[in-house]
Amino acid sequence: MGYIDKLPAMDLMRSEKMTPVQLIIPVESARRAVSYLGQLGLLQFRDLNADKSPFQRTFVNQVKRCAEMSRKLRFFKDQIHKAGLMSAPRPILQPKMELEQLEIQLAEYEHELLEMNNNSEQLRQSYNELLELKIVLQKAGGFLVSSKSHVVSEEIELDDHVYSNEDYADTTSLLEKEMRPGPSNQSGLSFISGIIIRSKVLMFERMLFRATRGNMLFSQAPADEKILDPVSTDMVEKMAFVVFFSGEQAKTKILRICEAFGANCYSIPEDITEQRQLNRVVLSRLSELEATLDAGIRHRNNALTFIGSQLSKWIDMVRREKAVYDTLNMLNFDVTKKCLVGEGWCPIFAKTQIQEVLQRATFDSNSQVGVVFHAMDAVESPPTYFRTNRFTNSFQEIVDAYGVARYQEANPAVYTIITFPFLFAVMFGDWGHGICLLLGALFLISRESKLGSRKLGSIMEMVFGGRYLLLLMSLFSIYCGLIYNEFFSVPYHIFGGSAYKCRDATCSDAHSVGLVKFQDAYPFGVDPSWRGSRSELPFLNSLKMKMSILLGVTQMNLGIILSYFNARFFHNSLDFRYQFLPQMIFLNSLFGYLSMLIVIKWCTGSQADLYHVMIYMFLSPFEDLGDNQLFPGQKALQIILLLLAIIAVPWMLFPKPFILKKLHSERFQGRTYKMLGTSEMDMDVEPHFARQHDEDFNFSEVFVHQMIHSIEFVLGSVSNTASYLRLWALSLAHSELSTVFYEKVLLLAWGYDSIIIRLVGLAVFAFATAFILLMMETLSAFLHALRLHWVEFMNKFYHGDGYKFRPFSFASLTDADD
């Protein structure tokens, strides 16, 4: 035990030691001190004004000003995006300005842009109206003749009996009057011309026909050019139209329908000379407006280009200032109103750095009084903080997704760095597929600096964040693939010749008598001659299934051993005596013994049936083993192990609740006066229900909790061991799926002489490999490895009920903080 205590501490094994601190900051240096602490990023502030609303806090006006500046910056960003300009990634160097100067400058830029946008909209509206008028003049003028001529209708015929009917003259429609041969009275005929969006023409015409009961003539023609829609800012297709009608009532209806459909109506003279004169005026004004619009757009783009060159710097500056004032709102004013009082958490190693930063803030603000920084007594459980880097961060995130570690408890991420990619590779083992994953991981790592500064999609962001995890997964997949001797499901004689040869010429046939060993075993991995033989599937099934049990029992033992280190670290002898010891005994009396039998069977080449051994170890422990005996004294050992497993269950269940009750009685009834930190029932490690000192000890609750925990471990030992068989199942499924794609797609297509069939087969094989084996199978193996760590491994020792250390840091600010 003394040797263990002398081992050097692991940085990731336990979270950093934290201390609660208090700061007393003079008002004149408060903003600068908090800003410097944000640059350092090693102090987490507590909100001392949690009972106040955001509008009741001291610096609410400053927060509002920063929020208003953020709104203006978002407005600039939208304008730059709409203009199709790019913000400069590196801002042009400008003199450093204060927040007040930036606020004035942003207000000026916003006012200028709003004026330019307003003028541009008015000019654009006038330009669109003139452009539509020009189109209407060109298209609708063709439908009009002089005011003395008739409207000509094309290709419309009426039945002869219509004109022979004497009563028809009173009920005839406008169209029929115009189409009737002979003179007609034109004094009551009018027209309305305009332009409408092309997609609305059909409904527009139908509505006009219904409103006028057919007493109208509708003519239309498509515009030669698209027109900018001021609302959607998209180029839309429009149609020019002319509606002929008679009567003021019909005119009122038609104008209302035009307004409802968003059609713009324009007055067109009937005389051709007047039309040409109006057209010349419109063209002249259009050219003038085009020149004015171009000059305005250039001026606006120049202003936006300058704003874009400084935008990233301004956004960062405002975001930091808002974060500073949000943090200052978490501090309390002293009764003298001359200083601010703050509380928080910081790592012990960072106290010196924080003090140096606070001294620099006092000096830079010319304050006569320094900042008081001192440690406090802990009131609540400290936050959990692990110092990670680019490599270890993804593994720590896997653990934190299950639950943040309790303060100072053993961190599974240390072991996950190796066990997670290895268990993944056991299921994904193929060194051809592993090379493909390796190339993808190396690509992400080589482009790390470029991709890290970009905004990626949610999926790509996750893949990029786990690039080093992907690297280890690919390397272990290559290693396991070499052990399985599979390259896209094809075996190779990489490490020498096979140890087996065919007994006859039909060795590869499924009905052959099998293989004969003629030399030493294959030096590394599975012998390639097993592939295609009659014994391939039974051999690989047995190998991978037993290997899965060995790996599972090993990892579960590691989890129980880590619970011992937790108990030792927190000086909790109860967990050591009544949790660690019975759990180790129970697990290894059954499944540790099974693992030992597997190894002995491999080493001796015995034909013993391990299923029979384990089943009859419970059903008939005193019966002779017969051919299933692997070593002398096996029967006596099995009886001893079975008794130990039976004893371990009440050992876990009964002693701990009664001892907790006794300790509680001694502590709170004055029978002993020990220091709380040295008690068996330490405050940091005892169950939450045992911390309620003001209430009576609830023995039934403690006993039920311990009973649930014991039953969960006993049943979980069986289910967890069986759960590791997924390593065997997924490995076999991946291998067989690769074989199907290789033999039934690639080889089948390659058997044809047609180059087209070969290319199609190659394309299907590549597609299946990329999207099914490399994407779906990778995701499947990843999720199963995740489950094995969260459920089978971490539940043996990991509570995961802590909370993260979230220091005030400018580096952690995002767009959501605006």
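Being a predicted model, the structure only gives us computed values, none of them experimental. (Residues numbered from 1 in each chain as written. Predicted model: local features only at pLDDT ≥ 70, side-chain atom pairs only at ≥ 80, totals over all residues. Heavy atoms only, no water.)

Draft legend 1. Seen up close, the overall build of the protein chain. The secondary structure content of the protein chain amounts to 25 helices and 13 strands. For the protein chain, restricting intrachain contacts to residue pairs at least 6 apart in sequence, the fraction spanning at least 24 positions comes to 80%. Working note: accessible area of the protein chain is about 45,200 Å², and carbon and sulfur atoms make up 58% of it. (Helix = DSSP H or I, 4+ residues; strand = E, 2+ residues; numbered from the N terminus. Contact = heavy atoms within 4.5 Å. Areas by Shrake-Rupley, 256 points an atom, 1.4 Å probe, with all protein chains shown as cover.)

Draft legend 2. Spatial organisation of helix α3 (residues 60-82). Over its 23 residues, α3 extends 33 Å from the first C-alpha to the last, a length consistent with the 33 Å expected when each residue adds 1.5 Å. When α3 is considered as a whole, its buried residues turn out to be Val60, Val63, Cys66, Met69, Ser70, Lys72, Leu73, Phe75, Phe76, Gln79 and Ile80. Of the surrounding elements, those touching the buried residues of α3 are α4 (99-140) and α10 (272-328). The positive-phi residue at the C-terminal boundary of α3 is Gly84, with phi of around 75 degrees. (Expected span 1.5 Å × (residues − 1). Buried < 20%, exposed > 50% of the residue type's maximum accessible area, 1.4 Å probe, protein only.)

Draft legend 3. Main features of a nonpolar patch on the surface. Residues Trp750, Ile755, Ile756, Leu759, Val760, Leu762 and Val764 make up a contiguous nonpolar surface patch of about 690 Å² in total accessible area. For the nonpolar patch, the element with the highest residue contribution is helix α25 (residues 755-793), accounting for 6 residues. Judged by relative accessible area, which is 59%, Ile756 ranks as exposed. (Patch = residues over 30% accessible without salt bridge, like charges linked within 9 Å, V, L, I, M, F, W, Y side chains within 5 Å. Salt bridge = Lys/Arg side-chain N within 4 Å of Asp/Glu carboxyl O.)

Draft legend 4. How the structure looks around α25. Along α25, the helix axis deviates most sharply at Thr769, where the bend reaches about 30 degrees. The N-cap of α25, judged by a side-chain oxygen 3.4 Å from the amide nitrogen of Ile756 a few residues on, is Ser754. (Bend = angle between axes of the 7 residues up to and from the residue. Polar contact = N/O pair within 3.5 Å; in protein donor to acceptor, adjacent residues only side chain to side chain.)

Draft legend 5. Fine view of the sheet that holds strand β3 (residues 189-197). Strand order in this open sheet of 4 strands is β4-β7-β3-β8, and the pairing throughout is antiparallel. Either end of the sheet is taken by a strand with one partner, and the two such strands are β4 (217-222) and β8 (264-266). Across the sheet, the mean angle from the axis of one strand to that of its neighbour is 25 degrees, orientation sign disregarded. Pairing between β3 and β8: 3 bridges, direction antiparallel. Each bridged residue has a counterpart across the sheet, and for Ser193 the counterpart in β8 is Tyr266. Sheet strands in contact with helix α9 (residues 248-260) are β3, β7 (238-246) and β8, and its direction is about 160 degrees off that of β7. (Pairing = 2+ DSSP bridges. Axes fitted to C-alpha atoms, helices over the stretch in contact; angles between N-to-C directions.)

Limitation: the analysis is restricted to geometry and does not speak to function.
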